[in-house]
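Working through the structure, step by step
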Amino acid sequence: MVRPNSADSLPYRAQLDGLRAVAVYLVVAFHAGLRGFDGGFIGVDVFFVLSGFLVTSILLHDLVSAGRIAHQRFYARRARRILPAALVTLVVSAVAYAAVATPAEMLDVLGGFRASCLYVANWFFIRQSTDYFAANVDTSPVLHFWSLAVEEQFYLLWPLLLGGLFLATRRVRRWRWWVLRALVGAAAAASAIAAWRIADTNLERAYYGTDTRAYQLLAGALLALTPQLFRMGAHTRRFARWAPELTVAGLLVVASSVLRVSPITRGFLAAALASTLIVVSEGAGGGIVNRALSSRPFTYLGQLSYGTYLWHWPVVVIVGRGRHIGSLPLFVIACTVATTLAACSFSLVEHPLRRSRALDRYRRPVIAVGISISLVAGLLVMPAVLDSHHTTVAASGSEHLLDWRAAKNDIAKLPDCLNEPVERCTVVRGSKQRVLLIGDSHAQMWLPAFESIARAESLSLSVAVLDACPWQRGLFYLDSGDLYRNCKRHQADWYERVVPEFNPDVVVLAQAGPGGSRFPLPFTFPDGRKLAFGAPGYDDAFMRASAATLETLQAPHRRIVILEPIPATFPFDPISCLSRGGPVAACARKVDAPPTAVELYYRQLHRRSPIWSLDLDRVVCPRLPICDPIVRNVIVRRDANGHLTATFARSVAASIEKMLRVRAIL
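Bear in mind that the values here come from a model prediction, so they are computed numbers and not experimental data. (Residues numbered from 1 in each chain as written. Predicted model: local features only at pLDDT ≥ 70, side-chain atom pairs only at ≥ 80, totals over all residues. Heavy atoms only, no water.)

1. So, the packing of helix α4 (residues 103-117) against helix α5 (residues 121-129)
Between α4 and α5, whose axes approach to 8 Å, the crossing angle comes to 150 degrees. Between α4 and α5, the angle falls in the class roughly antiparallel. Residue-level contacts link Gly111, Gly112, Ala115 and Ser116 of α4 to Ala121, Phe124 and Phe125 of α5. (Axes fitted to C-alpha atoms, helices over the stretch in contact; angles between N-to-C directions. Helix = DSSP H or I, 4+ residues; strand = E, 2+ residues; numbered from the N terminus. Parallel < 35°, antiparallel > 145°, perpendicular 65-115°, else oblique. Contact = heavy atoms within 4.5 Å.)

2. A few points about unusual backbone geometry
In the segment running from phenylalanine 570 into proline 571, the intervening peptide bond is cis, with an omega of 5 degrees. Relative to the assigned elements, proline 571 resides in the loop between β7 (559-563) and α24 (574-578). Residue proline 625 follows leucine 624 across a cis peptide bond; omega there is 15 degrees. One non-glycine residue, asparagine 419, lies in the positive phi region at around 60 degrees. Within the element layout of this structure, asparagine 419 appears in the loop between α19 (404-408) and β1 (426-428). Owing to a relative accessible area of 62%, asparagine 419 belongs among the exposed residues under this scheme. Residue serine 458 is not a glycine yet carries a positive backbone phi of 55 degrees. (Buried < 20%, exposed > 50% of the residue type's maximum accessible area, 1.4 Å probe, protein only.)

3. Description of the pattern of salt bridges
Taken as a whole and assessed by the stated rule, the structure comprises 23 salt bridges. Residues arginine 205 and aspartate 211 are paired through a salt bridge, measuring 2.8 Å at the closest nitrogen-oxygen approach. Residue aspartate 211 is classed as partly exposed on the basis of its relative accessible area, which comes to 35%. For glutamate 420, the salt bridge is made with arginine 424, and the minimal N-O distance between the two is 3.4 Å. Residue classification places arginine 424 among the exposed residues on the basis of a relative accessible area of 52%. (Salt bridge = Lys/Arg side-chain N within 4 Å of Asp/Glu carboxyl O.)

4. Looking at the packing of α5 against helix α6 (residues 145-168)
When two helices pack together, their arrangement is given by the angle between the helix axes and by the axis-to-axis distance. Here α5 crosses α6 at 130 degrees, and the two axes come no closer than 7 Å. It follows that α5 is oblique to α6 by the angle criterion. Side by side, α5 and α6 meet where Ala121, Asn122, Trp123 and Phe125 of the first sit next to Phe145, Trp146, Ala149, Val150 and Gln153 of the second. Taken together, the residues of the contact of α5 with α6 break down into seven nonpolar, two polar and no charged. (Nonpolar A, V, L, I, M, F, W, Y, C, P; charged D, E, K, R; others polar.)

5. Remarks on the packing of aromatic side chains
Applying the stated criterion to the full structure yields 25 aromatic pairs. Look at tyrosine 215 and phenylalanine 268: their rings are 5.2 Å apart centre to centre, the planes differ by 65 degrees, and that puts the pair in the edge-to-face class. Placement of the pair is tyrosine 215 in helix α9 (residues 210-224) and phenylalanine 268 in helix α12 (residues 263-283), with a sequence separation of 53 residues. Here the aromatic rings of tryptophan 471 and tyrosine 602 are separated by 6.3 Å at their centres, their planes lie at 45 degrees, and the arrangement is tilted. Of the two residues, tryptophan 471 sits in the loop between β3 (460-465) and α22 (481-502) while tyrosine 602 sits in helix α25 (residues 597-604), which places them 131 residues apart along the sequence. Each member of the pair, tryptophan 471 together with tyrosine 602, is buried. The structure contains a cluster of three or more aromatic residues connected by ring pairs, namely Phe30, Phe41, Phe48, Trp146, Tyr207 and Tyr208. Of note, arginine 78 hangs over the ring of tyrosine 155, and the distance from its end group to the ring centre comes to 5.2 Å. One Lys or Arg, arginine 181, reaches over the ring of tryptophan 178 and ends 4.5 Å from the middle of that ring. (Phe/Tyr/Trp six-rings, centres within 6.5 Å; stacked < 30°, edge-to-face > 60°. Lys NZ or Arg CZ within 6 Å of the ring centre and 35° of its normal.)

Structural data, given as structure tokens:
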């Protein structure tokens, strides 16, 4: 019977430490935006394969020598290896970020810090990435903790699963190891297929998910379960002498900008190449790559790779905050500072705790203390550091909405009746005209105003609104992914079913303007072209897309109202500014708000059709061209993307109603 080698029986593979060094600096290059390293994030994929291989080797040593896994020893050692350095990084990063960020920005990242302490960061960021109104996860100093969460979840579950499979296969005797390999291989294949399929509709879910990353960890585990791969004959060894060079070259190509494939495809390639390198480096003997990876500088940097990974992203975020730094200088700064901090952490925290013989005797207490410290840090320490108690803005008069915390979450509730009865999306029921509001999140932000108007005028108001989905059919902010497909389905439902069934007397159309949307232009137009605002042909394409949709909406009794985009202050965030607690005037912004060619086109439509365009600039910014953050003791906008607070939209309902009456729309 062929059994896997134990961790102790295998020689120390210095080249794998060297591979860790290569992997971590690829990630740093990617995060620093270094030109040519668009795929540098595959360093994480390499880490996953290495972790699966090394951890499974440790577990197999227990199974081969004792017939069972020493779970307490394993978990205690993992806790000593991972938790202390991670917690030090989290606490220091929180304090450093709090020193440079506004209270609103601190509140935005608090959830990420808490999730990182509890090692569920990957699932937290999956939820954030699918929440249109959530803070931008790219600005979180702990975004990189998603991969540590995946590894910790693997470390928690894999010993139990492997031990269970080992016991369950005891009856097959000499076939036990082949059955184990088959089961692990099948699980890895299922994970890879899931990643491929989910990426089609939700790339973030496929990229961050533990289940969709498991194939890389299981690929490493499969190597540890198959020691035959490392027993090379003479012919194989001759090939293996050149294989490390070819494999490392392949990894660098996959990490480069030369290869233009999806992140999931890069992950497949990186996992395959990393697995190959682990095997062939064993039989390569010498060789340039093996000697380089096994050299003292590389192995030392590899031993620091965990700390370097922990520190590099907070350095990139904090150093680059509010200033433009070239990618090369940022890469050098991140490498230097992160490696230095990693060296200090290794000498003062990681190495002493890992090598402590005293702690080896107290396994249960080590596990209990590790869990307790993580819970305390996540639930108590992080809120204490990042949650400011300053909530209101100094202003005279009665407070209608001066709490920036409340303003950040002051969002109108939005029903969704995709393929459901239209009645489900009717938010106000009246006895007079039927009004249908159509558009993206900027239509949603005006919903409280039209709800107030509908109640006052006994109108029936229904909504056909979806985040990141323009009212023009066939026009999209994105050209792929879940948001694109969701918008396409909703647009089809709006115009093929909702409009005919609801048969509105008044249709109100609204969408974000250029510069005011989280989703960067260019738009994808109905003819498939991708054009940015200001590009040749953009205005004509936008007008044609608008005209085609307006034509489908027109009916003998129907009036159409287009709400022009409000002045954009992007990327300035008034909530972040107000949260500082300084003078309100310091958070006002001067805007350049001349009408665009598209807005001028909208205004001319009334000459030929019952279509009106409402200029709401002075409703939002009474002192135009100055846009104040607070108007009549109400915070106006709740984010950098120009979304109005629901309270402010409700407060200007009378002004909008007057405009509609002047035009005889109501």
